[in-house]
Amino acid sequence: MRRHGPVWLLVGAVIPVLLLTACSAKTDPAPVATHHSGGGAQADSKLTAQAQSALDAASDGGGSMVESGVERVSDGVHTRPGLTHGAAYKLTVVCAGKGAAELVVAPAGAGRGKAVPCDGSVVFERLTAEGSLKVDVRGTPGAAGMIAWRINKVGSGP
């Protein structure tokens with residue numbers, strides 16, 4: 001009755017191959033890409049253009065630009081501009097999208113914090129460099145869109 005040995009050997013070799021094939025076979029459909037109603041990069045591009053246009057329209061042409069940029073509200077603006085001690089500067093911020101952001105300048109007294117609505121409104125803040133400044137614009141919970149900002153030197157300092 002030992003004649004069944006090769007059959008068990010064959011079955012022992014075939015079963016792992018069948019299990020491996022069955023486990024690796026794809027029976028689920030491929031995942032479907034989801035699209036957000038915001039439009040992703042296209043929406044970012046449109047909001048960037050809106051914010052930049054409002055920022056450019058608010059520019060009075062006076063003073064020299066020191067620093068500028070456009071950031072997603074979710075990323076925020078975080079900069080430590082190299083400003084001349086004692087000189088006056090104007091920070092202009094525009095947010096296009098939904099919700100609001102908060103502008104905070106540190107150290108305290110260099111400029112005060114203020115709300116920046118994400119409706120295309122232009123917000124100005126006067127800065128005086130009395131040491132190292134840190135400028136932060138952070139989106140409030142639920143805010144989305146793009147923030148355009150610019151720092152211009154408006155006064156002469158030492």
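Up top you'll find the structure we're talking about.
Report on the accompanying structure. Only a predicted model underlies this, so the values are computations on that prediction, with no experimental measurement involved.

### Some thoughts on the pairing of strand E3 (residues 88–106)
Pairing of E3 with strand E4 (residues 114–128), which is carried by twelve bridges, proceeds in the antiparallel orientation. Looking across to E4, one finds that Lys 90 is bridged to Arg 126. For E3 and strand E6 (residues 144–153), the ladder comprises ten bridges, and the chain directions are antiparallel. Across the sheet, Gly 97 pairs through a bridge with Gly 145, a residue of E6. Pairing geometry for E3 and strand E5 (residues 134–139), over six bridges, is antiparallel. Note that in E5 the partner of Ala 101 across the bridge is Gly 139.

### Quick look at the side chain of Asp 136
Position of Asp 136 among the secondary structure elements: in strand E5. Here the side chain of Asp 136 touches Arg 138 through a polar contact of 3.4 Å, side chain to side chain. Those residues in contact with Asp 136 that lie beyond four places of it in its chain are Val 77, His 78, Glu 102, Leu 103 and Val 104.

### Describing the pattern of salt bridges
Side-chain pairing between opposite charges can occur once the charged atoms of the two side chains come close. Applying the stated criterion across every chain yields a total of five salt bridges. Arg 138 is paired through a salt bridge with Asp 136; the nearest N and O atoms lie 3.4 Å apart. One salt-bridge network, held together by shared partners, links Lys 134, Asp 136 and Arg 138.

### Regarding the nonpolar core
Judged by nonpolar contacts, the single largest core of 23 residues is most densely connected at Tyr 89, Leu 91, Val 93, Leu 103, Val 116, Val 137 and Ile 147. Counting residues per element, the ones that place at least two in this core are E3, E4, E5 and E6. Top element by residues in this core is E3. It accounts for seven residues. Setting aside its immediate chain neighbours within four residues, Val 93 contacts Val 116, Ser 121, Val 122, Val 123, Val 137, Ile 147, Ala 148 and Trp 149. Ranked by size, the runner-up nonpolar core spans eight residues in total, among them Leu 47, Ala 54, Val 94 and Met 146.

### Here's the deal with the state of the cysteines
If you walk through the whole model with that rule in mind, you get one disulfide. Across the disulfide, Cys 95 is cross-linked to Cys 118 (sulfur-sulfur distance 2.0 Å). On the sign convention where negative means left-handed, the S-S torsion of about 80° between Cys 95 and Cys 118 marks this disulfide as right-handed. On the criterion of sequence distance, the pair formed by Cys 95 in strand E3 and Cys 118 in strand E4 is long-range, its members being 23 residues apart.

Rules of the game
- Residues numbered from 1 in each chain as written.
- Predicted model: local features only at pLDDT ≥ 70, side-chain atom pairs only at ≥ 80, totals over all residues.
- Heavy atoms only, no water.
- Pairing = 2+ DSSP bridges.
- Helix = DSSP H or I, 4+ residues; strand = E, 2+ residues; numbered from the N terminus.
- Polar contact = N/O pair within 3.5 Å; in protein donor to acceptor, adjacent residues only side chain to side chain.
- Contact = heavy atoms within 4.5 Å.
- Salt bridge = Lys/Arg side-chain N within 4 Å of Asp/Glu carboxyl O.
- Core = buried A, V, L, I, M, F, W, Y, C linked by side-chain atoms within 4.5 Å.
- Buried < 20%, exposed > 50% of the residue type's maximum accessible area, 1.4 Å probe, protein only.
- Disulfide = S-S within 2.5 Å.

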